[in-house]
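Each chain, written out:
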Amino acid sequence: MKQYLKKVINGENLTVEEMKEVANYCFTNDVTESEIAALLTALQAKGETADEVAGLVDVIRGKSSFHTGPISDAIDNCGTGGDQSYSFNISTTSAFVMAGAGLTVAKHGNRSISSKTGSADVLEHLGVSLYFTKEQVEEILLENKIAFLFAPHVHEALKPFSIVRKNLGLPTIFNTIGPLTNPIELDTQLMGVYRKEMLPMVAEALNKLGRRRAVVVTGAGSMDEASLAGENHLIILDKGKLTPITLNPEEVGLPVYSNEQIRGGDAKKNAKILLSVLNGEQGAYLDTVLLNAGLGIFTNGKAATIKDGIELARESIQSGAALARLQHLVDYSNNIPSEVY
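Given the structure is predicted, the values throughout are model-derived calculations rather than measurements.

What follows is about the overall build of the protein. Looking only at helices and strands, one finds 15 helices and seven strands in the protein. Radius of gyration (C-alpha) of the protein: 19 Å, near the 20 Å computed for a compact globule of 341 residues. Considered along the principal axes of its C-alpha atoms, the protein spans approximately 60 × 50 × 35 Å. Taking all 341 residues of the protein together, 56% fall into the buried category. Long-range pairs, those at least 24 residues apart, make up 74% of the contacts in the protein with a sequence separation of at least 6. Positive and negative charge centroids in the protein, built from 31 and 40 side chains respectively, lie 2 Å apart.

In structure tokens:
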């Protein structure tokens, strides 16, 4: 550990294999909290690379008891958070729309960290269990096209890191890698980051992690979602090739709204917003979901263009398919024997 710490402190980057060696050491009983804190702080000060992110993510996913083999066409659309926009749960709502359009969505998420309401908070309020077993997740994905993976539940081995992160109270590499650690073997991924300068590094990390196709987006106003407030910056990963583009709402036939118009609140309010969108209530919330779900459908390859993806998202809502995916998840949760908890 010391030799690698010296290297990072001196501004040198670790290779994927070096990062894996360090990460594996952090999961042993020999590591101290001081060593973990020093590593996280040094990486943050230097600036993480795609190799370091990929190496750490690979080890974390391998430690999860939920780590699966490839699941056909699985996608996640989790963002990093941290944009301080206090928006409603855009990616969670969009996930049901994507599933209603026929995508297999392994939705990874957590409770609120930097926002008022995290994906776990709003889903729990709606009656979705946060504690599915691995077998139940696989069954739900097959039957319902969408399941929720609660990060602390599927990554129990990360407790030592969680304690150190809480005590540090500073941004670390974990603020970036959360969406990448989904233990389901994903084929494609839509990932939002709130800092535009991070787009190339995250896209390259996704490539190193084996995504066939991915889109990384920073929304207008530095959101970690696509926004209708103006210009969005994206990098499209397709079979190893990275292509940067910009996207404005007018280009895909959607109106402009300010980010203030899509603010959310507590779990109760955000659950109400989510249901209003899935029931087709017109307005800024719905159009924002159409953009993000359409982008997810395009990312997965079910639509040839983002505009085509938006139309499939609209059809998913209008047909009732998106709402049916949520209802199935709630019904399944209600039928889990209490001893599972």
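So, about the sheet that holds strand β4 (residues 188–192). As summarised here, the arrangement of the seven strands in space is β3-β2-β1-β4-β5-β6-β7, forming an open sheet in which the pairing is mixed. Since the sheet does not close on itself, it has two edges, and those belong to β3 (146–150) and β7 (241–247), each with one partner. Between one strand axis and the next, the sheet turns through 15° on average, direction left out of account. Pairing between strand β5 (residues 213–218) and strand β6 (residues 232–238): six bridges, direction antiparallel. Note that in β6 the partner of V215 across the bridge is I236.

Bringing the side chain of S119 into the picture now. Note on placement: S119 falls in helix α6 (residues 119–126). With near-sequence residues (within four places) excluded, S119 lies in contact with N89, T92, G109, N110 and F148.

Following the criterion strictly, the structure yields five aromatic pairs and no others. Taken together, the ring pairs connect F27, F161 and F174 into an aromatic cluster. Above the ring of F298, the side-chain terminus of R213 is found at 4.6 Å from the ring centroid.

Most of strand β2 (residues 104–109) is tucked away: six of the six residues are buried. Burial of β2 is two-sided: the residues T104, A106 and H108 facing one way and the residues V105, K107 and G109 facing the other way are all buried. Of the strand pairs in this sheet, strand β1 (residues 74–76) and β2 are connected by two bridges, and their pairing is parallel. Within β2, the residue paired with I75 across the bridge is V105. Handedness of the β-α-β unit built from β1, helix α5 (residues 90–100) and β2 comes out right-handed. Pairing of β2 with β3, which is carried by five bridges, proceeds in the parallel orientation. If you follow V105 over to β3, its bridge partner there is I146.

Another point: helix α13 (residues 284–300). Taking 1.5 Å per residue, 17 residues should reach 24 Å; α13 reaches 24 Å between its end C-alpha atoms and fits that length. Within α13, 16 of the 17 residues are buried, which leaves the element mostly enclosed by the surrounding structure. Where α13 terminates, the next one or two residues include G301, which has phi positive at roughly 95°.

This part is about unusual backbone geometry. Residue D73 is not a glycine yet carries a positive backbone phi of 60°. Note on placement: D73 falls in the loop between α4 (50–63) and β1. The class of D73 is partly exposed, set by a relative accessible area of 39%. Within the chain, Q84 stands out as a residue other than glycine whose phi angle is a positive 55°. In this fold, Q84 is placed in the loop between β1 and α5. Classification of Q84 by relative accessible area gives partly exposed; the value is 43%.

Take the packing of α5 against helix α14 (residues 306–318) next. Running from N to C, α5 and α14 cross one another at 90°; their axes reach a closest spacing of 8 Å. By the angle class used here, α5 and α14 are roughly perpendicular. Each of F96, V97 and G100 in α5 lies in contact with α14, whose residues at this interface are A313, S316 and I317. When grouped by side-chain class, the residues that make up the contact of α5 with α14 number four nonpolar, two polar and no charged.

Here we take up the environment of E33. Tracing the chain through its elements places E33 in helix α3 (residues 33–46). With relative accessibility at 47%, the residue E33 sits in the partly exposed group. Each C-alpha atom of the pair E33 and M191 lies 30 Å from the other, and the pair is 158 residues apart in sequence. For E33, the contacting residues outside a window of four places in its chain are I163, V164 and N167.

Parameters and conventions
- Residues numbered from 1 in each chain as written.
- Predicted model: local features only at pLDDT ≥ 70, side-chain atom pairs only at ≥ 80, totals over all residues.
- Heavy atoms only, no water.
- Helix = DSSP H or I, 4+ residues; strand = E, 2+ residues; numbered from the N terminus.
- Rg over C-alpha atoms; globule rule 2.2 N^0.38 Å.
- Buried < 20%, exposed > 50% of the residue type's maximum accessible area, 1.4 Å probe, protein only.
- Contact = heavy atoms within 4.5 Å.
- Lys, Arg positive; Asp, Glu negative; His and termini not counted.
- Charge placed at Lys NZ, Arg CZ, Asp CG, Glu CD.
- Pairing = 2+ DSSP bridges.
- Axes fitted to C-alpha atoms, helices over the stretch in contact; angles between N-to-C directions.
- Phe/Tyr/Trp six-rings, centres within 6.5 Å; stacked < 30°, edge-to-face > 60°.
- Lys NZ or Arg CZ within 6 Å of the ring centre and 35° of its normal.
- Right-handed = clockwise from strand over helix to strand, strands pointing away.
- Expected span 1.5 Å × (residues − 1).
- Parallel < 35°, antiparallel > 145°, perpendicular 65-115°, else oblique.
- Nonpolar A, V, L, I, M, F, W, Y, C, P; charged D, E, K, R; others polar.

Remember, this is a structural readout, not a statement about activity or role.
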